[in-house]
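Chain by chain, the residues:
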Amino acid sequence: LHNWAGDLYREIGDLVAAAAHWEAAQVDDVPALERLAQTYLTLQRWDDTRNTLERLLVVDPDHAWGHYQLGLILMAYDPIAAETHLRVVVGNSAYNVVVAALLDVIQYEEMQTLAMRAGFVMANHNLWPYAELIFRQVALVNHPYPEAMAYVGLARTNQGKDGSAWMEQALLFGEDVARVYYLYGLHLRYLGDYRGSKQAFSQATVLDSVEPVYYAELGMANSYVLELEEAEYWLMLAVALSNYEPAFQELLAQFYTETGYTSGVMNAEFLSQLNTYVPDDADSLANYGWTWYLTGDVGEALLQLDAALGLEPQNPLALFYKAQILLASDLTEQAVPLLVRLAASESPSAEWAAEVLALLESEVSDSE
């Protein structure tokens, strides 16, 4: 009856009641314990999860999922015990990337460093509930530790929880810590406060003027509020400060390909260097081609747009850009087939293409 009641409560979305009934059923077979452990994980009742996973491993000592989950949870409290469980699933394709990263972290002897790095691993793999668990433990044990507090806030925000209280505490104790403002900026950006995130990233650069990540985020924050000249400046500065690391060049290339913006600051030589970092998809190549056009290089622009159309012949962005370039170059006959294809599409540019075709037809009629 308890199992039946638990199933009914799960169907109506009441996992707390479902877990209570399944626990009362006292069924210790593998399916029942897996179900109960997963429910406690969803509810983030960590002590109950640990206890249930330990019971599961008594019934099935080789249970890979059980070892993996217990290893993740124990990273917050007992890394040595966590290592024992994680090593059981080394080589398991479902878990190996995360496990390898955590086992690499365990080499650090100082507990605070180890725990923070483990939290970074969780965050990098979008394991935000476990990241929150670890960062919260670090923040409590090492209070006041503003960076850990800020990471708790960010982890909560990324789960759709309210991370504001943790962020406020982080800013209170870490008013002179650049990384706190950086994390605050990410928090605000997640919430859609792009202006606020811009201010936070700006403050991070004031407190640490040599960290390229802060300038890169400041640049992206400017692009979100359509302040493209400033965005380009900060992104280029990030590239320079990073000694031209590929990740920052890729971010700048993404900015150009997504916005089509260019200024006198950026020249053809620099744009050519970014070619390696432009994603091999039609939209990105189309935007990259348009950026070349804005620099005045029509030949390179058409080359990139043709590459985009080679990948996706009906790509609306590539058709739109190439048609504009051909029209501006008085190559109307070459533009017409592109306009016809664009007008027949469901693109927002279809109406524009239809209007241009109608105008061209009227001009032909008038000349006759």
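Throughout, a residue's number is its position along its own chain's written sequence, starting from 1. With pLDDT at 70 or above as the cut-off, local features in this predicted model cover only qualifying residues; side-chain atom pairs require 80 or more to be listed or tallied, and sums for whole chains, interfaces and linings still use all residues. As a rule here, side-chain values cover all heavy atoms of the structure and leave hydrogens and water aside.

K.L.:
What am I meant to see in the overall build of the protein here?
P.N.:
Counting its regular elements, the protein contains 22 helices and zero strands. Radius of gyration (C-alpha) of the protein: 27 Å, far over the 21 Å computed for a compact globule of 368 residues. Taken along the three principal axes of its C-alpha coordinates, the protein extends 90 × 50 × 35 Å. Among the 368 residues that make up the protein, the fraction classed as buried is 46%. Any two residues whose heavy atoms approach within 4.5 Å at even a single point are treated as in contact. Considering only residue pairs separated by 6 or more positions, the protein has 46% of its internal contacts joining residues 24 or more positions apart. Working definition of accessibility: Shrake-Rupley area with a 1.4 Å probe, residue cover restricted to the visible protein chains. Entry remark: accessible area of the protein is about 18100 Å², with carbon and sulfur atoms responsible for 51%. The protein carries 16 positive and 51 negative side-chain charges, and their two centres are separated by 11 Å. Where helices and strands are cited, they refer to DSSP runs of H or I of at least four residues and of E of at least two residues respectively, numbered from the N terminus. Two things to know: the radius of gyration comes from C-alpha atoms, and the globule rule equals 2.2 Å times the number of residues to the power 0.38. Working definition: with a 1.4 Å probe on protein chains only, accessible area under 20% of the residue-type maximum means buried, over 50% means exposed, and in between means partly exposed. Neither His nor the chain termini are counted; the positive set is Lys and Arg, and the negative set is Asp and Glu. Charge placement uses NZ in Lys and CZ in Arg. For Asp and Glu, CG and CD serve respectively.

K.L.:
Hey, could you run me through the environment of L226 in this one?
P.N.:
By secondary structure assignment, the location of L226 is in the loop between α14 (212-224) and α15 (228-241). On the basis of relative accessibility, which here comes to 68%, the residue L226 falls in the exposed class.

K.L.:
Whenever I open this one, the nonpolar core confuses me. Can you help?
P.N.:
Soluble globular proteins tend to pack their nonpolar side chains together in the buried interior. Grouping buried Ala, Val, Leu, Ile, Met, Phe, Trp, Tyr and Cys residues that are joined through side-chain atoms within 4.5 Å yields what is termed a nonpolar core. Residues Y68, M75, L102 and M122 are the most contacted members of the largest nonpolar core, which totals 65 residues. Ranked by the residues each element gives to this core, the list is headed by helix α9 (residues 128-141), at eight residues. Discounting chain neighbours no more than four positions away, the residues touching M122 are L72, M75, L102, L127, Y130, A131 and I134. By size, the runner-up hydrophobic cluster in this structure holds 28 residues, among which are A323, L326, A335 and L357.

K.L.:
Can you walk me through helix α21 (residues 332-343) in this structure?
P.N.:
At 3.6 residues per turn, the α-helix brings residues three or four places apart onto the same side. How far a helix is expected to stretch is found by multiplying one less than its residue total by 1.5 Å. Given a rise of 1.5 Å per residue, twelve residues ought to cover 16 Å, and the 16 Å separating the end C-alpha atoms of α21 matches this to within 8%. Those residues of α21 not exposed but buried are A335, L338, L339 and L342. Looking straight down α21, one finds its buried side chains confined to an arc of 105 degrees; they lie on one side. Read the arc as the range of directions from the helix axis to the C-beta atoms.

K.L.:
Explain the packing of helix α3 (residues 30-43) against helix α4 (residues 46-59) to me, please; I cannot follow it from the model alone.
P.N.:
Running from N to C, α3 and α4 point in directions that differ by 160 degrees, and their axes come no closer than 8 Å. Classified by the interaxial angle, the pair formed by α3 and α4 is roughly antiparallel. Where α3 crosses over α4, the handedness of that crossing is left-handed. Of the residues in α4, those in contact with V30, L33, E34, L36, A37, Y40 and L41 of α3 are W46, D48, T49, T52, L53, R55, L56 and V59. The nonpolar class holds Ala, Val, Leu, Ile, Met, Phe, Trp, Tyr, Cys and Pro. Asp, Glu, Lys and Arg form the charged class, and all remaining residues, Gly among them, are polar. The residue makeup of the contact of α3 with α4, split by class, is ten nonpolar, two polar and three charged. To get an axis, fit a line to the C-alpha atoms, keeping to the stretch in contact for a helix; angles then go from 0 to 180 degrees between the N-to-C directions. The labels follow the angle: roughly parallel below 35 degrees, roughly antiparallel above 145, roughly perpendicular from 65 to 115, and oblique for the rest. Note on convention: the crossing is left-handed when the near helix lies turned anticlockwise from the far helix by less than a right angle, right-handed when the turn is clockwise.

K.L.:
It is not clear to me how the environment of V356 should be interpreted in this structure. Could you clarify?
P.N.:
Here V356 lies in helix α22 (residues 350-367). Residue classification places V356 among the buried positions, given a relative accessible area of 15%. Residues V356 and E229 lie 127 residues apart in sequence; the distance between their C-alpha atoms is 31 Å. Contact partners of V356, with chain neighbours within four places excluded, come to L327 and L339.

K.L.:
Mind showing me how you'd approach the pattern of salt bridges here?
P.N.:
Side-chain pairing between opposite charges can occur once the charged atoms of the two side chains come close. A pair is scored as a salt bridge if a Lys or Arg side-chain nitrogen falls within 4 Å of a carboxyl oxygen belonging to Asp or Glu. Within the structure shown, the criterion is met by 14 salt bridges. With its nearest N and O atoms 2.9 Å apart, the salt bridge here joins E132 to K161. You can see E132 sitting in helix α9 and its partner K161 sitting in the loop between α10 (146-157) and α11 (164-173), a full 29 residues away along the chain. Look at K161 and you get partly exposed, because its relative accessible area is 29%. Here K198 makes a salt bridge to E230, at a shortest N to O gap of 3.9 Å. With K198 in helix α13 (residues 194-207) and E230 in helix α15, this pair connects stretches of sequence that are 32 residues apart. For E230, a relative accessible area of 37% translates into the label partly exposed.

K.L.:
Explain the side chain of T52 here, please?
P.N.:
Here T52 lies in helix α4. Exposure remark for T52: the relative accessible area of 1% places this residue in the buried category. In protein, a polar contact means a hydrogen-donor-capable atom and an acceptor-capable atom, both N or O and within 3.5 Å, with residues adjacent in sequence counting only if both atoms are side-chain atoms; elsewhere, any N or O pair within 3.5 Å suffices. Of note is the side chain of T52, whose polar atom sits 2.8 Å from the backbone oxygen of D48.

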